[in-house]
Protein chains: 2
Amino acid sequence: MGTTTTKGEQTRAALIEAAFELFSRQGYHATTMRQIAERTGLTPGSIYNHFFGKDDIFLSVLSAYHPLNQFSSFMADSKAETTEQFIRLLAEQVTGELEDQPGLLNLFFIEMVELDGQHLPSLVEEFRSQVMAFVQRVSSGPVQSRVLPIKAFRVFLGLILAYELSDRLVQEALGDEEIDQGGLDDFVDVYLHGILEPKDKVKKEP
Amino acid sequence: MGTTTTKGEQTRAALIEAAFELFSRQGYHATTMRQIAERTGLTPGSIYNHFFGKDDIFLSVLSAYHPLNQFSSFMADSKAETTEQFIRLLAEQVTGELEDQPGLLNLFFIEMVELDGQHLPSLVEEFRSQVMAFVQRVSSGPVQSRVLPIKAFRVFLGLILAYELSDRLVQEALGDEEIDQGGLDDFVDVYLHGILEPKDKVKKEP
DNA sequence: CCTACCGATCGGTAGG
DNA sequence: CCTACCGATCGGTAGG
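Our subject in this report is the structure included herewith. (Residues numbered from 1 in each chain as written. Chains lettered and ligands numbered in written order. Predicted model: local features only at pLDDT ≥ 70, side-chain atom pairs only at ≥ 80, totals over all residues. Heavy atoms only, no water.)

Some words on the overall build of chain A
Each helix and strand in chain A was counted, giving nine helices and zero strands. Shown N-terminal to C-terminal, the secondary structure of chain A runs as helices and strands in the order α-α-α-α-α-α-α-α-α. With 206 residues in all, chain A has 50% of them scored as buried. Across chain A, contacts joining residues at least 24 apart in sequence account for 68% of those joining residues at least 6 apart. For chain A, the exposed surface amounts to about 10,400 Å²; the carbon and sulfur share of it is 51%. (Helix = DSSP H or I, 4+ residues; strand = E, 2+ residues; numbered from the N terminus. Buried < 20%, exposed > 50% of the residue type's maximum accessible area, 1.4 Å probe, protein only. Contact = heavy atoms within 4.5 Å. Areas by Shrake-Rupley, 256 points an atom, 1.4 Å probe, with all protein chains shown as cover.)

Let's talk about the environment of Leu148(A)
Note on placement: Leu148(A) falls in the loop between helix H7 (120–140) and helix H8 (149–174). Sequence separation between Leu148(A) and Val138(A) is ten residues, and the spatial gap between their C-alpha atoms is 9.6 Å.

Digging into the side chain of Ser60(A)
All names here are of chain A. Within the element layout of this structure, Ser 60 appears in helix H3 (residues 54–65). Taking the relative accessible area as the measure of exposure, Ser 60 reaches 12% and is therefore buried. Ser 60 has contacts with Arg 12, Ile 16 and Phe 51, leaving out every residue within four places of it along the chain.

Focus on the relation of the copies chain A and chain B
Mapping one chain copy onto the other needs a rotation about an axis and a shift along that axis. Structural alignment of chain A on chain B gives an RMSD of 0.0 Å, achieved by rotating through 180° and translating 0.0 Å along the axis. Read as a symmetry element, the transformation amounts to a two-fold axis. Taking C-alpha positions as the reference, the residue of chain A nearest the rotation axis is Gly194(A), at 1.9 Å. Take the interface residues of chain A: 100% of them recur as interface residues in chain B, which is what a same-surface contact looks like. (Least-squares fit on C-alpha atoms with pLDDT ≥ 70 in both.)

What about the protein's contact with DNA strand D?
Taken together, 16 residues are adjacent to DNA strand D, and Arg34(A), Thr43(B), Ser46(B), Asn49(B) and His50(B) come closest. Put simply, 59% of the atoms of DNA strand D that lie within 4 Å of the protein are in sugar or phosphate. The contact in question runs from a phosphate oxygen of DNA strand D to an N or O atom on the side chain of Lys54(A), over 2.9 Å. For DNA strand D, a phosphate oxygen lies 3.5 Å from a polar atom in the side chain of Thr11(B). Taken together, the residues of the surface near DNA strand D break down into three nonpolar, ten polar and three charged. (Near = heavy atom within 4 Å. Polar contact = N/O pair within 3.5 Å; in protein donor to acceptor, adjacent residues only side chain to side chain. Nonpolar A, V, L, I, M, F, W, Y, C, P; charged D, E, K, R; others polar.)

This is how it looks when you write it as structure tokens:
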């Protein structure tokens, strides 16, 4: 690459990567500065040449690894023609990404629980443009969505969460038994068409 | 109540309650035995007359407060006639419960991240009968579900998660701005009928 | 970037 | 159930 990286920048990057692996596996408070240093081949004290402290490291990890980073490229590169195709493809890519990097979701939960969600607002802010792209895409297709696009986005996020978390639960519960692979399509089906047959469309009482 | 509780049992219960509040707010490792003792009016050392150690307390908290405890009573008491009513009512009750006790969800995430999900299998086992009740209910209604009931259940759990988590995110992001209250109905709508108009039912390529 | 070190605090125990 | 205490380990600093 044309970008030159100084030794210091390389060390900083190595620290962030090591910290990501430790944080996402053990949580924030269970991860020690000594562990991070050891993984990078440094002495604990040396870390403070690159970061103000432990929380500064976590903040850097969070911005480098937060789960919504690749959303935009997925959406920009999408070759889908219909809304249905678009949703299916996006769900596939996002869950694939989360499967490759299981720590991404953990990092999010750690921030929420152990750090009281203090960094969530800025994360949401960073993500705003990607939400808009999704909304634009869903509302401009040849077939309109039944619900407000922003609601559709929120439920879509939930779809991803539902698939990932229940997948972990099922795998944990079953152990070595049959693996309920590939259920993603069913999840997306429900998202697109609901669990009920169309004939069940009963008017709600006012 | 007719059940007599000894002093020791009362203290144990008080410890579990105090521990729940602290764990769910701060996480496992950030909560100290001294904090738990202080909240109960005890000396740190006294805790060990009731529990083997910190992890034993967490285990007790988890079984006393795990989020799926009230599911069964909700389903048993449901007066819903149609599947649609059943789902709507259940979603309302569960999210209402999670709103009253925000710690329930946190506890689940803490277990998953900080304790590596070691207790999840037993939790799932405890919950198995409730899953069966849901499946039974959805598959025996006058209107059949389009998807396998077990899948419908997994997506339903995701629906709840989606609503709760995105609600927290939105509230965190908006701060004092408009509060997007009551969007639960929209979430349930998507779950029941999908985001697409029925006319969009396009066959997937084989 | 390392050596050496600090005060603070942790989970847990002994003895009564 | 309390007093008193332990070894271990934590995040972070001083000085070079």
